[in-house]
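Below, each chain spelled out in residue letters.
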Amino acid sequence: MKRIALLTVGLFFVSLTFADYSGNNTLFGSSNGSTSNTINGTSTDAMVPPIVASSGGGTQQQSLTSNLNKAQGTQFSNDVAETPSVKQTKPRSENKVSDYDPFVSNVYIRTGLNLKKYGSNLFQMPDSFAPDQNIPVPSNYVVGPGDSLKIQSWGAVDGDTNAKVSSNGTIFIPKLGEIPVTGVKSGELDGYLKKRLGKIYRNFDVAANVNKVRSIQVTVAGMASQPGTYTLSSLSTLSNAIMAVGGPSGQGSMRDIELKRHGVVVDHFDLYDLLIRGNNAHDVQVLAGDVIVFKPLGNEVALYDGVKRPAIYEIKSGETVRDLIAFAGGYSNDAKTDKIVIETIGGDKAIGVNSYATSQALNFNLSDGEIIHFFFFINKYENSVAVI
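Residues numbered from 1 in each chain as written. Predicted model: local features only at pLDDT ≥ 70, side-chain atom pairs only at ≥ 80, totals over all residues. Heavy atoms only, no water.

**Student:** Could you clarify how one ought to interpret the packing of aromatic side chains in this entry?
**Tutor:** Each aromatic ring pair is characterised by the separation of its centres together with the angle its planes make. A complete count under the given rule lists seven aromatic pairs for this structure. Where Tyr118 meets Tyr313, the ring centres are 5.5 Å apart and the plane angle is 25°; that geometry is what we call stacked. Residue Tyr118 is located in the loop between helix H3 (102-111) and strand E1 (148-155), and its partner Tyr313 is located in strand E12 (residues 311-315); the two are separated by 195 residues in the primary sequence. Grouping residues by exposure puts Tyr118 and Tyr313 together as buried. When the ring of Tyr313 is compared with that of Phe327, the centres are 6.1 Å apart and the planes differ by 35°; the resulting orientation is tilted. Of this pair, Tyr313 sits in strand E12 while Phe327 sits in helix H7 (residues 321-327), and the two are 14 residues apart along the sequence. Comparing Tyr313 with Phe327, the two get one shared label, buried. Put simply, the rings of Tyr118, Tyr272, Tyr313 and Phe327 pair up and form one aromatic cluster. (Phe/Tyr/Trp six-rings, centres within 6.5 Å; stacked < 30°, edge-to-face > 60°. Helix = DSSP H or I, 4+ residues; strand = E, 2+ residues; numbered from the N terminus. Buried < 20%, exposed > 50% of the residue type's maximum accessible area, 1.4 Å probe, protein only.)

So, in structure tokens, the structure goes:
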């Protein structure tokens, strides 16, 4: 009986010790929030039960996992919304239906080459961004509501102030009141303000400049990667805006982009002019309320082997093989330029392959769906001796 009593007492103390040991683990956090299935407002380490692909209990586990993922997704969204100044750059999705171009697949089937569309790597996923407002403005920049002006005067009048252009287009100067400045060019501010202040003061000079530019909103429509309304810097040109909003979709044109203002088309923009020829004559400044319209994709041809920049190019009516070679940066140093191979698609969708003398083919007009290539030299040594 004594042995039984002693054994009972021993088991009692062991159980107390084990309970205390378990309690200490929780108290000091060794198995604390990291193993809890409860999600609070600040925890991001909640353990999600595995999804089991079975009937019965598996359904309940999937539901719990889905709820946890939704909770974590909501928390992530709230965090992003509270820090709008942080720009998140994501690579442009290649799986969207709008990014699909059947000619890219067609080229792969016909040549085995994974040629990219020229310029497609320039664009990122569109996102509204906070413009850098502390940059010098050109002398032809037109002042408008939201801009901030720095005004300094010396001589009979000594002053230094920052004035923000109000929504009615004016700034306030003591003793003079409101002065309209909307529509005044940045390079003309000094003379304009001196003339206005000269009605009260004499023997002074004034210097003024735009030290912070306003933000504007533009709308993107048509065959755009992500149509919508975007906030840009008022210094943005059309090419800046196109890059910022993600450019055209896979079915949109890089060579036929319209800029509309008050319902009227004010510019037709061809990105090839800027990217290939360096011509920015049509790269005009965008204004608040402008609409950028990406027109549908035009005809396409592919060029590979024997050129510096093999790719798929969008073409316009009247452009020739000579123009296409120029788009591709000219011949590569290993190109055999005496002959050219042109693969065409006929009216009955039959594919025809023809070889021409390059001098003859340079003035051929390009047609939709053509695949063109040259031959190239294979560098090798003949009748050579290696001395080791």
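So that's the structure; there's more coming.
**Student:** Hey, could you run me through the confidence of the model for the protein chain in this one?
**Tutor:** Fine structural detail should not be taken from predicted coordinates in areas where pLDDT scores are low. Residues with a pLDDT of 70 or more make up 72% of the protein chain, whose mean pLDDT is 77. Across residues 126-131, where pLDDT falls below 50, the model places 19 contacts with residues more than four positions away in sequence or in other chains. (pLDDT = per-residue confidence, 0-100. Contact = heavy atoms within 4.5 Å.)

**Student:** Is there a simple way to think about the sheet that holds E12 in this case?
**Tutor:** Strand pairing in a sheet relies on backbone hydrogen bonds. The paired strands run either parallel or antiparallel. Overall, mixed pairing links the five strands, which are arranged E12-E11-E15-E13-E14 in an open sheet. Of all strands in the sheet, those with a lone pairing partner are E12 and strand E14 (351-357), marking the two edges. Neighbour to neighbour, the strand axes of the sheet diverge by 25° on average, direction disregarded. Relative to strand E15 (residues 371-376), strand E11 (residues 299-304) is paired through three bridges, and the arrangement is parallel. Bridge pairing in E15 places Leu303 opposite Ile372. Each of E11, E12, strand E13 (335-345), E14 and E15 is contacted by H3, which is oriented at about 35° to E11, the strand it contacts most. (Pairing = 2+ DSSP bridges. Axes fitted to C-alpha atoms, helices over the stretch in contact; angles between N-to-C directions.)

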